[in-house]
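The primary structure of each chain is shown beneath.
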Amino acid sequence: MGGHTGPKTYMGWWGDIGSPKQKYITTYSVSPYATKPLKGAAYNAVFNTFRRTKNQFLYVAIPAAIVWSVWANARDYNEYLYTKEGREELERVNV
């Protein structure tokens, strides 16, 4: 490929033609997140919601189970106090 370059001589791809590197050339590009801001939003909404709910489940379920247990025991004890045996026990305790 030496010698005189003519119209049918391959000189290389753009930017690699063999000339000195160009200076002070700024290249701008647009982020793919800016061009498609809602790309995958519906897909991620479903799976992120499931993942986040799964990760927080025990933080909600354990206190809820404790509160329900206390409430159920209190309800049952209150129902017991309105029976004949419960009233007798309540009279003995409140003397």
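Just so you know, these numbers come straight off a predicted model, no measurement behind them.

Here we take up the overall build of the protein chain. On a plain count of helices and strands, the protein chain comes out with 3 helices and 0 strands. What you see in the protein chain, going N to C, is helices and strands ordered as α-α-α. For the protein chain, the proportion of its 95 residues judged to be buried stands at 3%. Total accessible area on the protein chain is roughly 9800 Å²; 62% of this is exposed by carbon and sulfur atoms.

Turning our eyes to something else, we now look at the packing of helix 2 (residues 41-81) against helix 3 (residues 84-93). When two helices pack together, you describe them by how their axes are tilted relative to each other and by the distance separating the axes. One can describe the packing of helix 2 onto helix 3 by two numbers: an axis separation of 6 Å at closest approach and a directional angle of 90°. Classified by the angle between their axes, helix 2 and helix 3 sit roughly perpendicular to one another. Contacts from Tyr77, Tyr80 and Leu81 of helix 2 reach helix 3 at Glu85, Gly86, Arg87, Glu89 and Leu90. Grouping the amino acids of the contact of helix 2 with helix 3 by side-chain chemistry returns 4 nonpolar, 1 polar and 3 charged.

Together, Phe57, Leu58, Ile62, Ile66 and Val70 make up a nonpolar patch on the protein surface, roughly 530 Å² of accessible area in all. With respect to the helices, strands and loops of the structure, phenylalanine 57 is situated in helix 2. A relative accessible area of 52% places phenylalanine 57 in the exposed class.

Applying the stated criterion across every chain, the model contains 1 salt bridge. Between aspartate 76 and arginine 75 there is a salt bridge, with its nearest N and O atoms 3.4 Å apart. Residue class for arginine 75 comes out partly exposed when judged on its relative accessible area of 35%.

In this section: the confidence of the model for the protein chain. The predicted coordinates should not be examined in detail at positions where pLDDT is low. Chain-level statistics for the protein chain give a pLDDT mean of 85 and a share of 78% at 70 or above. Per-residue pLDDT, averaged within each element of the protein chain, yields its smallest value for helix 1 (residues 32-35) (82) and its largest for helix 2 (96).

Given a rise of 1.5 Å per residue, 41 residues ought to cover 60 Å, and the 56 Å separating the end C-alpha atoms of helix 2 matches this to within 8%. At glutamine 56, helix 2 shows its maximal kink, close to 45°.

Calculation criteria
Residues numbered from 1 in each chain as written. Predicted model: local features only at pLDDT ≥ 70, side-chain atom pairs only at ≥ 80, totals over all residues. Heavy atoms only, no water. Helix = DSSP H or I, 4+ residues; strand = E, 2+ residues; numbered from the N terminus. Buried < 20%, exposed > 50% of the residue type's maximum accessible area, 1.4 Å probe, protein only. Areas by Shrake-Rupley, 256 points an atom, 1.4 Å probe, with all protein chains shown as cover. Axes fitted to C-alpha atoms, helices over the stretch in contact; angles between N-to-C directions. Parallel < 35°, antiparallel > 145°, perpendicular 65-115°, else oblique. Contact = heavy atoms within 4.5 Å. Nonpolar A, V, L, I, M, F, W, Y, C, P; charged D, E, K, R; others polar. Patch = residues over 30% accessible without salt bridge, like charges linked within 9 Å, V, L, I, M, F, W, Y side chains within 5 Å. Salt bridge = Lys/Arg side-chain N within 4 Å of Asp/Glu carboxyl O. pLDDT = per-residue confidence, 0-100. Expected span 1.5 Å × (residues − 1). Bend = angle between axes of the 7 residues up to and from the residue.

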